[in-house]
Amino acid sequence: MSNLPTKVYTATWSEHPVWKNLGLSLGIVALLLIYIPIFWLVLMSFTGDPLSGFPGNFTTKWYFSLGEHRNWLQPLFVSLAIASGVSLVSMVCATIVGRTVSRLRRKAMAVTVLAVTLLPLAIPGVIIGTALFLYFRVLLGFKMGVWSLCIGHFVWAFPFALLAVLVVALRFDPRLLDSAADLGAGPFERFWTIEFPLLKDGVIAGGLFAFLLSFNEIARSIYLKGRTETLPVYIWQQAASHSSHVVLIYSLNVLILIASTLLVGFAFRLLFGKNTQ
Amino acid sequence: MGLSTLQPPTKINLKGIVIFLLSWSFFVLIPIAGLLLWSFLTMENFRPVWDLSLQAYREVFASGRWEVTARTLGIASLVTLLEIVLALPFALWLSKGTKNMGLKITVLAALTIPFFLSLSARTIVWRALLGLHGPVNYALMATGVIDGPLDWLLFSQFSVILGLIGPYFPTMVFPLYLSINLIDDEMLAASTDLGATPGFTFWHVILPLAFPGLGAGIIFTFVPMIGDSVVPTLLGGGHVILLSASVESLLRILNYSVAAALSVVMLSIMVGVILVVSLVSTKIITSKSSALPEVTP
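Residues numbered from 1 in each chain as written. Chains lettered and ligands numbered in written order. Predicted model: local features only at pLDDT ≥ 70, side-chain atom pairs only at ≥ 80, totals over all residues.

A. Structural context of the overall build of chain B. Across its full length, chain B holds 13 helices and 2 strands. For chain B, buried positions account for 40% of its 297 residues. Here the contacts in chain B between residues at least 6 apart in sequence split such that 74% fall between residues at least 24 apart. (Helix = DSSP H or I, 4+ residues; strand = E, 2+ residues; numbered from the N terminus. Buried ≥ 20, exposed ≤ 12 C-beta atoms within 10 Å, placed from the backbone. Contact = placed C-beta atoms within 7 Å.)

Structure follows, in structure tokens:
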């Protein structure tokens, strides 16, 4: 340390380059904690004996045996159906709420609407799950199933879709609508030809986020699923039960990871890609 | 066409949002508020009875559930603290330490993508890594750090804490990054020009201005962690029971009012944390900024 050439003004310990490196290295530690499991998951999916925890004997046989043991297909279709429905409804609702909130004249009203609609972001899934279960199942006496999963997932996914729409809705200049009206466009035409094309990217990105959040949801699904099985719940149960199919979970998860990553990348390009061009 | 028939064009139709908010209250707000009511009901023969009492709360405190609450809060606080230690220097580096835009965007994307990936998939792998015969134990033994495999690496508080750090790191970094990024570079330069040491600048300029971000980070990290069900189940292996598993077991034995009471206890703790965090951050911001003119030369 004493051999390092020291500049005149770096007299204090707090200016030592170690602090800059510290920030970077701590971030690398955290990123490793995030990405080592993902990397290891991919590695294990190609390993002959994944339960040992060591890579080796590389093979693609687990991917092929996914085609033989098709128990996961039914949960996959359920998850896809729910995620598509939730995503579609989230897009419509987020567009309605997003474009209205960004143009409300009274700030207090906008803040209240946002606080109420973004509330589920700050409430753990267990509490939402319990609340919805007690309300629908015990109080109102409905049987849980796909519909209750849809509601639970929507409550979780909608705030994110709304945030994505707000990113573009807050950039939208309402004077464009004034000009359109001056030129004789009706309310629907104004929305469809002027406003929607400008909001579209945020809406689609919000829809993709909603799809992924619903598709991967576990915390609320446990309470709301009734007898229905979604793919994450199926995988979770297989993993927790130490069943012999646990090896297939690695390859299945890798396929889901790849699909999810592609969708996220696409959503981000829609949301932020145009700014950097 | 007479001008009087023209509507002001930017006037927005409120019908859609009103319908949405009504259904939102029916599907979300009323059920959440209903938890409070449930928690005061008494259970008789697995059925709730309209007999308001504090019975459910007494049961929460009398049974082992209180320990579960304390354990959950302890683990969540510890992990939140670890996240601050990891994320604050990192956010500082990310917003002020590097000028490389491509690197910044890559890091931000790397932090965002895992959020949309299945948490159970990312958590299951720790089992293979940390197991008795797993690579971590093998590496430690091969290098002679330990003689026999460590049995506390998996299915212990350690593995739960380790498993929680990764998934809850981005929620701490993002608010911190956003708030530090908003600080004007010229303000930091001015602070240095006026003779402040970097430590002084950090303590009296950056930290007070980053405090809203820190508060938001604490809320977005601590709050969902309290209710996390995936990590403690998969990595606790039944040895580390946290609140979510406790609520789930209560619902399974149809003890609805105690489950509701436990949820209300959780909610109150969270509201408490949110209040304390926002109070402290407003106080720090006002006291620091009022103290600043006196100490700057």
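B. Local environment of the interface of chain B and chain A. Between chain B and chain A, the contact holds 68 residues from the first and 70 residues from the second. Of all the secondary structure elements, the ones that give two or more residues to the side of chain B that touches chain A are α1 (15–40), α3 (65–97), α4 (101–112), α5 (119–130), α10 (198–226), α11 (230–236), α12 (243–252) and α13 (256–295) of chain B. A total of 12 residues in the side of chain B that touches chain A trace back to one element, the largest contributor, which is α1 of chain B. Class assignment for the residues of the side of chain B that touches chain A results in 49 nonpolar, 17 polar and 2 charged. (Nonpolar A, V, L, I, M, F, W, Y, C, P; charged D, E, K, R; others polar.)

C. Spatial organisation of the packing of helix α3 (residues 73–101) of chain A against helix α8 (residues 187–215) of chain A. Residues and elements named next belong to chain A. In the contact formed by α3 and α8, the axes pass within 8 Å of each other and the chain directions differ by 140°. Crossing hand, α3 versus α8: right-handed. In this structure, α3 contributes Ser79, Ile82, Ala83, Ser84, Val86, Ser87, Ser90, Met91, Ala94, Thr95 and Arg99 to the contact, and α8 contributes Glu195, Leu199, Val203, Gly206, Gly207, Ala210, Phe211, Ser214 and Phe215. Grouping the amino acids of the contact of α3 with α8 by side-chain chemistry returns 10 nonpolar, 8 polar and 2 charged. (Axes fitted to C-alpha atoms, helices over the stretch in contact; angles between N-to-C directions. Left-handed = near helix turned anticlockwise from the far one by under 90°.)

D. Region of interest: the packing of helix α10 (residues 231–240) of chain A against α5 of chain B. For the pair α10 of chain A and α5 of chain B, interaxial distance at closest approach is 10 Å and the crossing angle is 15°. When the axis of α10 of chain A is compared with that of α5 of chain B, the two are roughly parallel. By crossing handedness, the relation of α10 of chain A to α5 of chain B is classed as left-handed. Packed against α10 of chain A, whose contacting residues are Pro232, Ile235, Trp236 and Ala239 of chain A, the element α5 of chain B presents Ser120, Ala121 and Ile124 of chain B at the interface. A class-by-class count of the residues in the contact of α10 of chain A with α5 of chain B yields 6 nonpolar, 1 polar and no charged. (Parallel < 35°, antiparallel > 145°, perpendicular 65-115°, else oblique.)

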